[in-house]
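As a plain string of letters, each chain reads:
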Amino acid sequence: MRIAQIAPPWISVPPQGYGGIEWVVSLLADGLVDRGHDVTLFASGDSKTKAKLEGPFKTEQRSQIGDTFPDTLHAISAYLRQDEFDVIHDHSGIIGPALGALARTPVLHTLHGPFTEDAKRFYRTLSGNIWFNSISDFQAACCPDLSYVGTIYNSIDIDAHPFQEKKEDYLLYLGRFSALKGAGIAVKVAKELGMHLKMAGKIDNEEESSYFNEHVRPHLGHGVEFLGEVTNQEKAMLLGGAKALLFPIQWAEPFGLVMPEAMACGTPVVAIRNGSVPEIIEDGVTGFIVDDETQMATATIKAIENISPHVCRLNAAERFGVERMVVDYEAAFHRIADGSPLQSTVPELAQI
Ligand code: UDP
């Protein structure tokens with residue numbers, strides 16, 4: 001098939017450091033090429049891919065994240081070429097799917113973000129004119145009345161996450177320093193346990209820097225170590241050495257790539273029950289899921305003592321490997337290119 005993949009223009013594909021969507025797009029584009037498809041990837045020109053690389057920007061547009069002009073220019077450059085493709089797979093923000101709803105070529109839009117009330121209204125307006133896929137069943141249940149092809153979980157490059165059985169003496173927090181991700185709770189947990197905490201992730205907007213200054217900075221140097229944003233290799237080493245990954249999220253995370261990444265390295269995850277967490281972590285098998293932050297310290301000790309690194313690795317490889325994701329998307333592309341009627345395929349689920 002002739003497939004267009006539209007990545008957001010903000011971060012190169014694959015990312016050198018922070019970047020979730022960009023990893024998914026990278027693995028998918030390469031995987032589709034390996035399966036014989038003619039793939040064109042619209043991404044920043046500093047991306048590396050087996051697909052044909054296109055797009056108006058030579059370099060990633062990270063400093064302009066969220067600005068309308070770069071996003072629109074990037075998306076329209078793909079949609080103006082719609083007749084060259086059998087399907088367009090859009091991972092971009094708002095402009096991409098809006099253009100997709102007017103396109104002749106069948107469009108699949110992967111929902112990578114949360115459903116705010118505005119987002120629900122927007123996607124419902126497009127529904128029936130493009131297809132959607134959710135990245136967790138939880139996410140689909142938050143807005144079940146869209147023209148879905150179903151849920152397709154994100155995947156990770158298992159080989160890029162080396163397994164490490166023998167752990168070092170620290171806990172890990174890895175992610176954005178947004179209030180949504182709860183880094184301050186990880187600090188409290190590590191202090192309660194008297195354990196060393198390594199913290200890595202990005203701080204590149206006002207909300208993240210003020211959260212960091214209030215909830216993390218005052219604790220630095222007292223068993224709490226801040227490493228800044230880390231590269232792919234650094235993150236894999238950090239994940240492998242950690243006794244546990246703390247994932248104290250404060251929002252309905254639609255997927256959360258760091259969970260399978262930790263599991264692949266043989267590291268259990270201790271997470272607050274929210275969003276997709278119960279679909280990714282098997283409670284008592286690959287980590288522990290707790291109802292609130294007060295239960296996290298006890299669960300962390302239980303995870304360190306009881307969770308098998310080998311089981312974590314196997315579970316990640318079986319459930320979150322690239323092959324499964326590529327085959328699922330390939331099936332979705334065939335379905336939408338065959339001209340199936342657009343209608344919701346997700347049953348009405350209990351309100352979450
Ligand atoms: N990440 C990274 N370096 C950092 C912080 C994060 O490589 O310093 C990666 C992390 O390993 C994951 C991605 O960025 O692959 C973030 O994706 P996730 O789904 O976990 O979070 P979100 O998209 O909500 O920020």
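Residues numbered from 1 in each chain as written. Predicted model: local features only at pLDDT ≥ 70, side-chain atom pairs only at ≥ 80, totals over all residues. Heavy atoms only, no water.

A. Focus on the layout of surface pockets. Taken as a whole, the second largest pocket encloses approximately 170 Å³ of empty space. Trp23, Ser26, Leu27, Asp30, Gly31, Asp34, Arg35, Lys50, Asp157, Val322, Glu323 and Val326 together form the lining of the second largest pocket. Taken together, the elements giving at least two residues each to the lining of the second largest pocket come down to helix H1 (21-34) and helix H13 (322-337). A per-element tally of the lining of the second largest pocket places H1 first, with 6 residues. (1 Å grid on protein atoms, 1.4 Å probe; cavity = no way out; pocket = protein on both sides within 12 Å on 5 of 7 lines; lining within 4 Å. Points joined across faces, edges and corners; volume = space filled by probe spheres on them. Helix = DSSP H or I, 4+ residues; strand = E, 2+ residues; numbered from the N terminus.)

B. Layout of the pattern of salt bridges. Scanning the entire structure with this criterion turns up 19 salt bridges. With a shortest N-O distance of 2.9 Å, Arg81 and Glu84 are connected by a salt bridge. According to the relative accessible area criterion, Glu84 is partly exposed, its value standing at 38%. One salt bridge in this structure joins Glu208 and Lys202, with 3.0 Å as the shortest N-O distance. Accessibility classification places Glu208 together with Lys202 in one group, the buried group. Salt bridges linked by common partners bring Arg62, Lys202, Asp204, Glu208 and Glu229 together as one network. (Salt bridge = Lys/Arg side-chain N within 4 Å of Asp/Glu carboxyl O. Buried < 20%, exposed > 50% of the residue type's maximum accessible area, 1.4 Å probe, protein only.)

C. Local environment of empty space enclosed by the protein. In this structure the tally under the stated criterion is 1 cavity of 30 Å³ or more. Quantified by volume, the largest cavity comes out at close to 30 Å³. Residue lining of the largest cavity: Tyr173, Leu174, Gly175, Lys181, Leu246, Phe247, Ile249 and Val258, and that is the complete set. Residue assignment for the lining of the largest cavity shows that the elements contributing at least two residues are strand E8 (171-174) and strand E11 (244-247).

D. Spatial organisation of the side chain of Gln139. With respect to the helices, strands and loops of the structure, Gln139 is situated in helix H5 (residues 137-142). On the basis of relative accessible area, Gln139 is assigned to the buried category, the value being 3%. Here Leu111 takes part through its backbone oxygen, which lies 2.8 Å from a polar atom of the side chain of Gln139. In this structure, Gln139 is in contact with Leu111, His112, Gly113, Phe115, Ser134, Tyr148 and Pro254, ignoring residues within four places of it in sequence. (Polar contact = N/O pair within 3.5 Å; in protein donor to acceptor, adjacent residues only side chain to side chain. Contact = heavy atoms within 4.5 Å.)

E. How the structure looks around the packing of H1 against H13. Look at H1 against H13: their axes get within 9 Å of each other, and the N-to-C directions meet at 75 degrees. Viewed along their axes, H1 and H13 adopt a mutual orientation that is roughly perpendicular. Across the interface between the two elements, Val24, Leu27, Leu28, Gly31 and Leu32 from H1 touch Val322, Met325, Val326, Tyr329 and Phe333 from H13. When the residues that make up the contact of H1 with H13 are grouped by side-chain class, the tally is 9 nonpolar, 1 polar and no charged. (Axes fitted to C-alpha atoms, helices over the stretch in contact; angles between N-to-C directions. Parallel < 35°, antiparallel > 145°, perpendicular 65-115°, else oblique. Nonpolar A, V, L, I, M, F, W, Y, C, P; charged D, E, K, R; others polar.)

F. Quick look at the pairing of strand E2 (residues 38-42). Within E2, 4 of the 5 residues are buried, leaving the element largely enclosed by the surrounding structure. In terms of strand pairing, strand E1 (residues 2-6) meets E2 through 5 bridges, oriented parallel. By the bridge assignment, Ala4 is partnered in E2 with Thr40. Assessed by its sense of winding, the connection that carries the chain from E1 through H1 to E2 is right-handed. Where E2 meets strand E3 (residues 52-54), 3 bridges bridge the pair, whose relative direction is parallel. Among the inter-strand pairings, Thr40 is bridged to a residue of E3, identified as Lys52. (Pairing = 2+ DSSP bridges. Right-handed = clockwise from strand over helix to strand, strands pointing away.)

G. Up close: the sheet that holds strand E10 (residues 224-226). Here we have 6 strands laid out as an open sheet, ordered E10-E9-E8-E11-E12-E13, and parallel in their pairing. Both outer strands of the open sheet, E10 and strand E13 (287-290), are each paired with one neighbouring strand and no more. Direction aside, the axes of adjacent strands within the sheet are offset by 20 degrees on average. Bridge analysis of strand E9 (residues 197-200) against E10 gives 3 bridges, and the strand direction is parallel. Each bridged residue has a counterpart across the sheet, and for Leu197 the counterpart in E10 is Val224. Its contacts with the sheet put helix H8 (residues 232-241) on E8, E9 and E11, and the angle it makes with E8 is roughly 145 degrees.

H. Geometry of the sheet that holds strand E5 (residues 107-110). Pairing in this open sheet of 7 strands is parallel, and the strands run E3-E2-E1-E4-E5-E6-E7 from one edge to the other. What marks the edges here is a single partner per strand, and that holds for E3 and strand E7 (148-151). Direction aside, the axes of adjacent strands within the sheet are offset by 20 degrees on average. The sheet contact formed by strand E4 (residues 87-90) and E5 spans 3 bridges and is parallel. Opposite Ile88, over in E5, you have Val107 as the bridge partner.

I. Quick peek at the site of the ligand. The immediate surroundings of the ligand are formed by 17 residues, with Tyr18, Arg176, Lys181, Val230 and Glu261 found nearest. Between Arg176 and the ligand, the recorded distance is 2.8 Å, taken from a side-chain N or O atom to an oxygen atom. With respect to the ligand, the backbone of Val258 contributes an N or O atom lying 3.3 Å from an oxygen atom. Relative to its free-state accessible area of 540 Å², the ligand is covered by the protein chains to the extent of 92%. Of the residues belonging to the shell around the ligand, the class tally is 6 nonpolar, 5 polar and 6 charged. (Near = heavy atom within 4 Å. Areas by Shrake-Rupley, 256 points an atom, 1.4 Å probe, with all protein chains shown as cover.)

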